Every structure is written in C-alpha cells, then in structure tokens.
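Observations on chain architecture
So you can see what is in the structure, the chains are spelled out below.
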Amino acid sequence: MKDIATRFAGNPLLSPGDLKPSIDGLEIACLLNPGVFQFEGKTWLLIRVAERPKQTDDLISFPILTKSGGIEIMKIPSGDPELDASDARVINYKGLDYLTTLSHLRLLCSDDGKNFYEPEGYPLLTGEGILQTFGIEDCRVTWLEEKYHLTFTAVSDNGVGVGLRTTTDWKDFTSHGMILPPHNKDCAIFEEKVNGKYYALHRPSSVDIGGNFIWIASSPDGIHWGDHKCIIKTRSDKWDSKRVGAGAAPIKTEQGWLEIYHGANEAHQYCLGAFLLDLEDPSKVIGRTDAAIMVPQAAYELTGFFGNVVFTNGHILQPDGDTVTIYYGASDEFVCGADFSLKEILSLLKSDHGQ
Ligand code: MAN
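Treat the numbers as computed from the prediction; the structure is a model and nothing was measured.

The rules behind the values
Residues numbered from 1 in each chain as written. Predicted model: local features only at pLDDT ≥ 70, side-chain atom pairs only at ≥ 80, totals over all residues. Heavy atoms only, no water. Core = buried A, V, L, I, M, F, W, Y, C linked by side-chain atoms within 4.5 Å. Buried < 20%, exposed > 50% of the residue type's maximum accessible area, 1.4 Å probe, protein only. Helix = DSSP H or I, 4+ residues; strand = E, 2+ residues; numbered from the N terminus. Contact = heavy atoms within 4.5 Å. Patch = residues over 30% accessible without salt bridge, like charges linked within 9 Å, V, L, I, M, F, W, Y side chains within 5 Å. Areas by Shrake-Rupley, 256 points an atom, 1.4 Å probe, with all protein chains shown as cover. Salt bridge = Lys/Arg side-chain N within 4 Å of Asp/Glu carboxyl O. Polar contact = N/O pair within 3.5 Å; in protein donor to acceptor, adjacent residues only side chain to side chain.

Core analysis: the largest hydrophobic core is formed by 25 residues, its most contacted members being Leu258, Met294, Ile326, Tyr328, Phe340 and Ile345. Sorting the residues of this core by element identifies β20 (257–264), β21 (270–277), β24 (323–330), β25 (334–341) and α2 (342–347) as the ones contributing at least two each. Setting aside residues up to four positions removed in sequence, Ile345 forms contacts with Ile4, Leu258, Ile260, Ala274, Thr289, Ile293 and Phe340. Core analysis: the next-biggest nonpolar cluster, separate from the first, contains 18 residues, Tyr199, Ile214, Ile232 and Trp257 among them.

What follows is the structure, encoded as structure tokens:
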C-alpha cells in the first residue's frame, strides 16, 4: 500500500504522561483522536483523554459517570468466567458492554502547530446526563455561521450516539443533546451550507443486514437531520473491508468535497483513505482512493493501547492551499501530526472505486 503522509519529525506530539489526570486516583491511559480548529491566531486540539484507575493483576476497573455528575468505579475480577476482556477498548461482562476507560475532551493550543500546551481558563468537556455516562469521544469541530459546532461520540449503557454542543468562545457551551441516536458515530458537519441546506456525514452501524457504512444527511437548521443516504460502503477485498467512518468536515476543492476517512479491516488495522463528493449534490460520490493513503507503520502507530491504528478527525488546510495537516491518534495512545498534499490525494482518486 502506498503511504503518502509526511509524518512530523517530533511525533508523537503528545503522550499520556504529558497531561495531568482530571481526577485524583485516575491515570491517563490514552490521548487520542483530536478535533482541530483555529481560534485567536492559534492552532487548537480538542483531545480525547481516556482515563481509568491504575490496573492490578486481579481486577479490571474503570470509571463511569453517575447521573449527578460524580464518578463510580466498576471493579470486575479478571478471572471471572462471565468477563470477556479480549479487546483493550471494550469489555463484555454478564452480557453487557462497557468501555475500559472514561473519556473527556481537553483543549490544548499551539503557536506553531507542533508544540502544544494547556491554556489556563478553559473548561474540560465531560459527559453530561444519562446519554454520556461512559464519556464523550472523538470530537469533530466545524466552524459554521460564526459558531464552532462540536459533534462527538456520546456513550452510555443506552448505546453509542452523536452529541452536539456549540460555542463561540470555548468557555460557554450550548448543548443540543443527541442529534443522531444509537448506533451512530463519526459525524462531521460540512463547514458551509449547500443549496440552502446543512450537510453532515455520519456512521450508523447495522448489525444484522448492512454494516458500518458512511451516510450523508441534510438539515434545515444544523440540528435536526433527515434525508439519510448511504454513500460509502466497506469493500471486502480491501484495507477498508470491516468498517469505514468520516474524519473531519470535508475540504472544499474545485473538483468537489474531499473527505479523508478511516477504514479498518478484519484484523482491526485502521488506515486512512479519501473520497470526493459532488459540489452541488454531496450525496454523489465521484471518486475514492483505491489503496489507503496512510497505513500504520511508525513504532508509535504499531504499538500502544490498541496497536496498528491511525485515526483522524481533525485537520487544517495550510495557507499554501495544498498542504493538509492532519492530527491523528496513533495506536489509540498518542497524538501525532502529518502533512499531505491535497493535489496528490486528488490524483489518487478513482471514479471506478468498486464499492
Ligand atoms: C473506533 C473508535 C475510535 C478508535 C478506533 C480504533 O473507531 O473507538 O475512537 O480510535 O476504534 O480503536
């Protein structure tokens, strides 16, 4: 597979030990999958911080948010026959699924896009209410009509859905609740309206018939979504055979809306690819890369909390109009950066993309 990413020499940019846990008694297991935006002349990351208590040999323990906003620690004996802990990210206990870590979102900023620090005076974004008790994850940040729109994965024992909050100053936030119900994630709202309508990519999962495919929806107000269409499916013989999901909002080019997406295969290897949507009718796919454009290969992408993963949900188009800097989660443990050439991605799109 051809990998056309130029990784930052300073990768990983951020590792779990670089930040302080949000609560005494927890440790940071992973930093991953940041939303990215520009604000007050700086580059900002809205990083997913995944925490849990220090693990011991005989117990698996993880935090859950209570309805009142406190924390409760679940403890399960690791040898319990009713426990399936074969995936580092989720466990199944007595027939119910839980996450092994609790995620919140944290703001970091940078003057050069490479050295990030936590600015003072900004809140942590944590799960709120009964639809976010297992945390909030993987936020896409869209600048639209003078407001930042934050679409994130909201997890609880009710299921996995998409939450929306908006802000103008990153200090006060308005919550719009769950905009796409379970099972759904990887939602990115377009940064402008098309023919008077808002558009968003999203990824419902259908367990029995169907699969983990990318869909597009439109909306009259950016909150209520309809006219859902399935646009990108998994491809059985390729790197994206098991699941696909949108990255951040698509980049508007002369040829169409360019979307960088992730795809995983049966072995849970997560790579990146791209597809192109018609400018006037974004539900029409006009191109897709055949091979992945980024494949886990650096040591920090191959080994970590959940190895063999590159996953992005945030990028910046640089002022030269060609360099796309993506920020990405590597091995579900580190935050990294890489540059792509927009022209090069466009040159790899095929109209006969066989889905
Ligand atoms: C899922 C999500 C992501 C994660 C990848 C790889 O798609 O949970 O947050 O990065 O899996 O593990």
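Let us look at a nonpolar patch on the surface. Where nonpolar side chains cluster on the molecular surface, the patch consists of Ile23, Ile71 and Ile73 and spans about 200 Å² of accessible area. Following the sequence through the fold, Ile73 ends up in strand β5 (residues 71–77). Judged by its relative accessible area of 35%, Ile73 falls in the partly exposed class.

Of note, His315 is situated in strand β23 (residues 310–317). With a relative accessible area of 17%, His315 lands in the buried category. Side-chain polar atoms of His315 contact the backbone oxygen of Ala249, separated by 3.4 Å.

Before going further, it helps to spend a moment on the pattern of salt bridges. Enumeration according to the criterion identifies 18 salt bridges in this entry. Between Glu137 and Arg48 there is a salt bridge; the shortest N-O distance is 3.3 Å. Of the two residues, Glu137 sits in strand β10 (residues 135–144) while Arg48 sits in strand β3 (residues 42–52), which places them 89 residues apart along the sequence. This pair shows no difference in class: Glu137 is buried, exactly as Arg48 is. Among the ionic pairs, Asp186 bridges to Arg140, the shortest N-O distance being 3.1 Å. Placement of Asp186 in strand β14 (residues 184–189) and of Arg140 in strand β10 is noted, with a sequence separation of 46 residues between them. Residue Asp186 shares its accessibility class with Arg140, and that shared class is buried. Sharing partners across several salt bridges, the network here consists of Asp3, Arg7 and Glu301.

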